[in-house]
Amino acid sequence: METRTPLLRMERIDKSFPGVHALDHVDFDLYEGEVHILLGENGAGKSTLMKILSGSLPADSGRIIIQGEEIRHHSPERASKLGIGMVYQEFSLVPSLTVAENIFLGDPPRNRAGIVRWGELYRRARESLATLGVDIDPRARVGNLSVAEQQLTEIARILAKQPRILLLDEPTSALSDTEVDRLFEIIRRLQSRGVGIIYISHRLDEVSRIGTRVTVMRDGRVIGTLPVEQADIDTLIKMMVGRRLSEQYPKTLSVQAGQPLLRVENLCAEPFLRNLSFEVRTGEIVGIFGLMGAGQAELAQALFGLLPVTAGQIYLNGQPVKIRRPTEAIQHGIGLLLRDRKASLVPMQALPANITLANISQLSFMGPLNLRSEERIATRYVQELTIRPPILKRPVKFLSGGNQQKVCLARWLASGARVLIVDEPTRGIDVGAKAEVFALLDQLAAQQGVGIIMISSEMPELLAMADRILVMRQGKFSASYQRGEATQELLLRSAS
Amino acid sequence: MSQKLVQDQDLGVQVVGEPRFRRFRGSARDLLIQSGPLIALFLLAAYLASATPYFMTESNLVNVARRTSVLVIFAIGQTFVILTGGIDLSVGATAALAASISAVTMTQQVNVLGIKFGPVGFVEGLAIALVVGLGAGLLNGLLVTRGRIPDFIATLGTLEVFRGAALLVTGGLPVPSYYSKAEKARNYLPKEVVSIGSGDWLGIPIAAVIALSVTLLGWVILRYTAFGRSIFAVGGNREAARVSGIKIDRTKIGVYVVSALLAALAGFVLTGRLNSANALMAGEENLNSIASVVIGGTNLFGGEGGVFGSIIGALTIGVIGNGLNLLNVSDFYQRIIQGTIIVVVVIFDQWRRRRFGV
Ligand SMILES: Nc1ncnc2c1ncn2[C@@H]1O[C@H](COP(=O)(O)OP(=O)(O)OP(=O)(O)O)[C@@H](O)[C@H]1O
Ligand SMILES: [Mg+2]
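Just so it is clear, the structure is predicted and the values come from calculations on it, not from any experiment.

Observations regarding the site of ligand 1
All names here are of chain A. Of all residues adjacent to ligand 1, which total 22 residues, the nearest are Lys46, Ser47, Thr48, Ser400 and Gly402. At a separation of 2.6 Å, an oxygen atom of ligand 1 approaches a polar side-chain atom of Ser47. Contacts to ligand 1 include Gln89, whose side-chain N or O atom sits 2.9 Å from an oxygen atom. Relative to its unbound accessible area of 640 Å², ligand 1 is 90% covered by the protein chains. Going through the elements one at a time, strand S2 (20-30), helix H1 (46-53) and helix H14 (401-413) are the ones with two or more residues in the shell around ligand 1. Broken down by class, the residue content of the shell around ligand 1 amounts to seven nonpolar, 11 polar and four charged.

Printed below as a string of structure tokens:
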């Protein structure tokens, strides 16, 4: 392999942001028909390296060579001419446009007079979605799609351009297994056509499934590159984190579930949810599993006042409650970590303001803020969740994706919620920090008696952390398993 | 400096539980970058000081301060609205309406629904102006939230309504007016009104003291209250604010009330300075207040900025106007030059943001 000329070479790429050396003389290469996996902790510099390759960020120094030719004056237009297509970690879709308009953004099919041919636009959009094997209406507004659907639209958009070099930045962080399988099929197909693919992920099991080589980064530097055959998970973790990990899923087992905290009876939210009944006890972690669109996200939204409940009743501590708005949910001690980071953070505000936002919303109008205690809270979670860089006054928009996720999580850990709903709590978080997240969730449940509803598409997480797992299918519960009863096969079978 | 930071980063893997804080690094550079508008103002003043001997005289500077004070009060209110991502086009009209109604009640007897009162004194006059402001602000806020009308359209509409109402109240005449047909009338405003508009206190214009107090109060509200934090959250990411439980409608209504109350106060101070009120006063204040906020570095889309920038913006506009007068530039050219300078300052500011990513 090493004798062929690479499709792409990046040499000594260097990039600094104020206070952060994001890339420190990074060398990277990619061959035709290869899936080169890029691993590293949150903030290691993976997305930055890809953004430089796709022309959306300038490098401070270094060379980019594509098929033997050095690229000068790189830009996004240049990159797309060169056949580089990038699926961004934070999507690049326009929420107010339709799926089809997004897929052909800037380059819709036109007739001779230059007028857009709408019929063909929708037909071709439907085709490219069909190759992904997903059922998304090309006329739907992107802003109304779920995160998984947005992710798939973003992927379809890039694939429609038929890139020679495909960059995928955590494409599966919001997808469930079925979609992941389809995406991998497509990746293999592209691979056989000679497309070079760079693939960023925090799901280490994916490495052996589709990778040909792996490069691990840490603190802006390349630690090493291995062929997948030599890359077992332990080695990778050690390269990424620089130490061995202790327990991946810390779980206190001796806790007896206590009083019923939240009880839901015959909850309906047409057309998404039908007759859901369940309860969550103090100190209990209830896992919810389902395929894309099975209603997990909608259940969370309905409990949190983001989706109107059409029938049924919610009880908190035995009292019936009505929840029409997030404010009321928070008043009642319910917290919701959304899967969608973009809808959760105030980008130009600093860490403390973002972490304490839910608490502040419950103060009276002229209620005074305690900036010192905000800083204390922020400092605590910066340490416990290893948010990096630990600069409190920096706006969160400058944090890496995984670190932003940690900020979202910190908000709800700090909110004092009695019932905490977390939707993909570890989305985009690296292996090391995942253990910290689970430890904190476990501590909340076991020591403070918080009831946790954990929605996740990662079955190992659910199997390890949940006391009970409910499986959803088409807006209903299709199965319920006690801890220890379920296996991945059982979960999948009940879900589909 | 960046070399040093790089070395810091080189210490390798960070041990959990011992984050290295670097909170004060780079703050000098930040300050320099953030104070772009202040530097522009400084250069402008330096130029005028060298171009005309009158600029730096005490009497001229006091005059600039007095004239700019009214604009500052408007601009602080406008800052609140713009920080939420809104815009208030009705501030000038609100000021005129509040000032007209209060000036009428301070100079003649009025008959409201059969209750006759007046002419009232200074305190009552001020209270009446503020109540009118409160009403105007609530109306704007309700239109934008409950009425679901875009901020721009809602306040464009109320702008016309308030001007019309002010014309009705004054009959199109300046107040006080010698043509008043009221039973009891006096032809002058209370002396306190005149002194807050054009009086001095220890050599400082009282209007400037008011403007500074308003700014300080605005800063405290934005930085130290839940309301202030909500404003930044709503303007920074409305959806995030909503899912975090922030009461968006209340915040929006709140900023329009603040804006209208300050507009009413500004109208009152302006009445004192002009020693008269009329329905068409404060005609340029809408655009000037918006320009002040933008020159001051507040993001027009909301979520970023603050009141101190707006003071600097207002001073910039005030100093430009004063300087052009001193340089005997004709009014026609003045407008062209003013407009150009505003655009240039904002272009510079946008460039600065992109370049330094602040
Ligand atoms: N625009 C920016 N301004 C300042 N710092 C930035 C900016 N973009 C990235 N950084 C910093 O650069 C470093 C690398 O970020 P990057 O997004 O490349 O991380 P990543 O490896 O993709 O992490 P993740 O797994 O969390 O997505 C981080 O410390 C981040 O805070
Ligand atoms: Mg990233």
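So, next bit.
Re the coordination of the magnesium ion (ligand 2)
Geometrically, a metal with four donors at the corners of a regular tetrahedron has ideal angles of 109.5 degrees, and one with six donors at the corners of a regular octahedron has ideal angles of 90 or 180 degrees. All names here are of chain A. Coordination of the magnesium ion (ligand 2) by the protein involves Ser47 (OG) and Gln89 (OE1), with metal-donor separations of 1.9 to 2.2 Å. With Ser47 in helix H1 and Gln89 in the loop between strand S6 (84-87) and helix H3 (99-103), the pair connects residues that are 42 residues apart, well separated along the chain. Of the two residues, Ser47 and Gln89, both sit in the buried class.

Some remarks on the packing of aromatic side chains
Residues and elements named next belong to chain B. Inspection of every chain in the model, using the stated rule, returns 10 aromatic pairs over all chains. Note on Phe122 and Phe268: the rings are 5.9 Å apart at their centroids and 45° apart in plane angle, and the pair reads as tilted. Here Phe122 is found in helix H6 (residues 122-145), whereas its partner Phe268 is found in helix H12 (residues 248-274), with 146 residues between them in sequence. Between Trp219 and Tyr224 the ring centres are 5.7 Å apart and the planes differ by 80°, which places this aromatic pair in the edge-to-face class.

Observations concerning the interface of chain A and chain B
Size of an interface, as often reported, equals the accessible area lost when the parts are brought together. With 54 residues of chain A in contact, the opposing surface of chain B contributes 43 residues. In total, about 4000 Å² of surface goes out of reach between chain A and chain B, with carbon and sulfur atoms giving 60% of it. On the chain A side of the interface with chain B, the three residues burying the most area are Met348, Phe365 and Pro390 of chain A, jointly 15% of the side's total. On the surface where chain A and chain B come into contact, there are one salt bridge. With a closest N to O distance of 2.9 Å, Glu374 of chain A and Arg229 of chain B form a salt bridge. The interface formed by chain A and chain B contains 11 residue pairs in polar contact (both at pLDDT 80 or more). Secondary structure elements with two or more residues in the side of chain A that touches chain B: S2, helix H10 (326-331), helix H12 (357-360), helix H13 (371-384) and H14 of chain A. A total of six residues in the side of chain A that touches chain B trace back to one element, the largest contributor, which is H13 of chain A. Among the residues forming the side of chain A that touches chain B, the class breakdown is 27 nonpolar, 14 polar and 13 charged.

Comments concerning the sheet that holds strand S7 (residues 165-169) of chain A
Residues and elements named next belong to chain A. Pairing within the open sheet is mixed, and its six strands lie in the order S6-S7-S8-S3-S9-S10. Two strands in the sheet have a free side with no partner beyond their single neighbour: S6 and strand S10 (221-227). With direction set aside, neighbouring strand axes in the sheet form an average angle of 15°. Of the pairings in the sheet, the one linking strand S3 (residues 35-40) to strand S9 (residues 213-218) comprises five bridges and is parallel in character. Considered in S9, the bridge of Leu38 is made with Thr215. Contacts from helix H5 (residues 147-159) reach S6 and S7 within the one sheet, and its direction differs from that of S6 by about 180°. Running over the sheet, helix H6 (residues 177-192) touches S3, S7 and strand S8 (196-200) and is turned about 150° from S8.

A closer look at the domain arrangement of chain A
Residue and element names in this part refer to chain A. Partitioning chain A into domains gives domain 1 (8-241) and domain 2 (260-495). Once you take the C-alpha centre of each, domain 1 and domain 2 turn out to be 28 Å apart. Listed by partner, the interface residues are 29 residues for domain 1 and 26 residues for domain 2. Of the roughly 2200 Å² buried at the junction of domain 1 and domain 2 (both faces included), carbon and sulfur atoms supply 49%. Looking at the side of domain 1 facing domain 2, the largest losses of area belong to Asn42, Glu90 and Val147, adding up to 25% of the total buried there. Joining domain 1 to domain 2, the criterion identifies four salt bridges. Of the charged contacts, one joins Arg341 and Glu90 as a salt bridge, the two residues approaching to 3.3 Å between their closest N and O atoms. For the interface between domain 1 and domain 2, the tally reads 14 residue pairs in polar contact (both at pLDDT 80 or more). Secondary structure elements with two or more residues in the side of domain 1 that touches domain 2: H5, H6 and helix H8 (233-241).

Focus: H8 of chain A
Residues and elements named next belong to chain A. For H8, the complete set of buried residues consists of Leu236, Ile237, Met239, Met240 and Val241. Tucked into the core, H8 has its buried residues touching S3, helix H7 (205-210), S9, S10 and helix H15 (431-448). At the C-terminal side of H8, Gly242 shows a positive phi close to 80°.

Concerning the pairing of S9 of chain A
Residue and element names in this part refer to chain A. The element S9 is largely enclosed, with a buried count of six among its six residues. On S9, burial covers both faces: Arg213, Thr215 and Met217 on one face and Val214, Val216 and Arg218 on the other are all buried. The pairing of S9 with S10 spans six bridges and is classified as antiparallel. What sits directly across from Thr215, in S10, is Thr225.

Conventions used here
Starting afresh in each chain, residues are numbered from 1 along the sequence in its written order. Written order determines the labels here, with chains lettered from A and ligands numbered from 1. Residues qualify for local features only when their pLDDT is at least 70, as the model is predicted, and side-chain atom pairs are given and counted only at 80 or more; totals for whole chains, interfaces and linings, by contrast, use all residues. Each side-chain value is derived from all of the structure's non-hydrogen atoms; neither hydrogens nor water enter the calculation. Whether a residue is near a molecule or strand is decided by its heavy atoms; if any one of them lies within 4 Å of it, the residue is near. Identification of polar contacts relies on pairs of N or O atoms within 3.5 Å, with a donor-acceptor requirement for protein atoms, meaning one able to donate a hydrogen and the other able to accept it, and with residues adjacent in sequence counted only if both atoms are side-chain atoms. Surface exposure here means Shrake-Rupley accessible area, sampled with a 1.4 Å probe, where a residue is shielded only by the protein chains that are shown. In this text, helices come from DSSP runs of H or I with a minimum length of four residues, and strands from runs of E with a minimum of two, each type numbered from the N-terminal end. Gly is put with the polar residues, along with every residue not named as nonpolar or charged; the nonpolar set is Ala, Val, Leu, Ile, Met, Phe, Trp, Tyr, Cys and Pro, and the charged set is Asp, Glu, Lys and Arg. Each metal's donors are the N, O and S atoms found within 2.8 Å of it, except that Na, K and Ca use a 3.2 Å limit; water is left out, so coordination can look incomplete. Think of it in three bands: residues with accessible area under 20% of the maximum for their type are buried, residues over 50% are exposed, and the middle band is partly exposed, with areas taken using a 1.4 Å probe on protein chains only. Aromatic contacts are taken between Phe, Tyr and Trp rings whose centres are within 6.5 Å, Trp giving its six-membered ring; a plane angle under 30 degrees counts as stacked, one over 60 as edge-to-face, and the others as tilted. Should any heavy atoms of two residues lie within 4.5 Å, those residues are counted as being in contact. As a working definition, buried area equals the accessible area (1.4 Å probe) given up by two parts on being put together, with both sides summed. For this document, the term salt bridge refers to a Lys or Arg side-chain nitrogen within 4 Å of an Asp or Glu carboxyl oxygen. Pairing between strands is defined by DSSP: at least two bridges between the two strands are required. An axis is simply a line fitted to the C-alpha atoms; with a helix, the fit covers only the stretch in contact. Between two such axes, the angle follows the N-to-C directions and lies from 0 to 180 degrees. Throughout, the edges of the domains are those of an automatic or database domain assignment.

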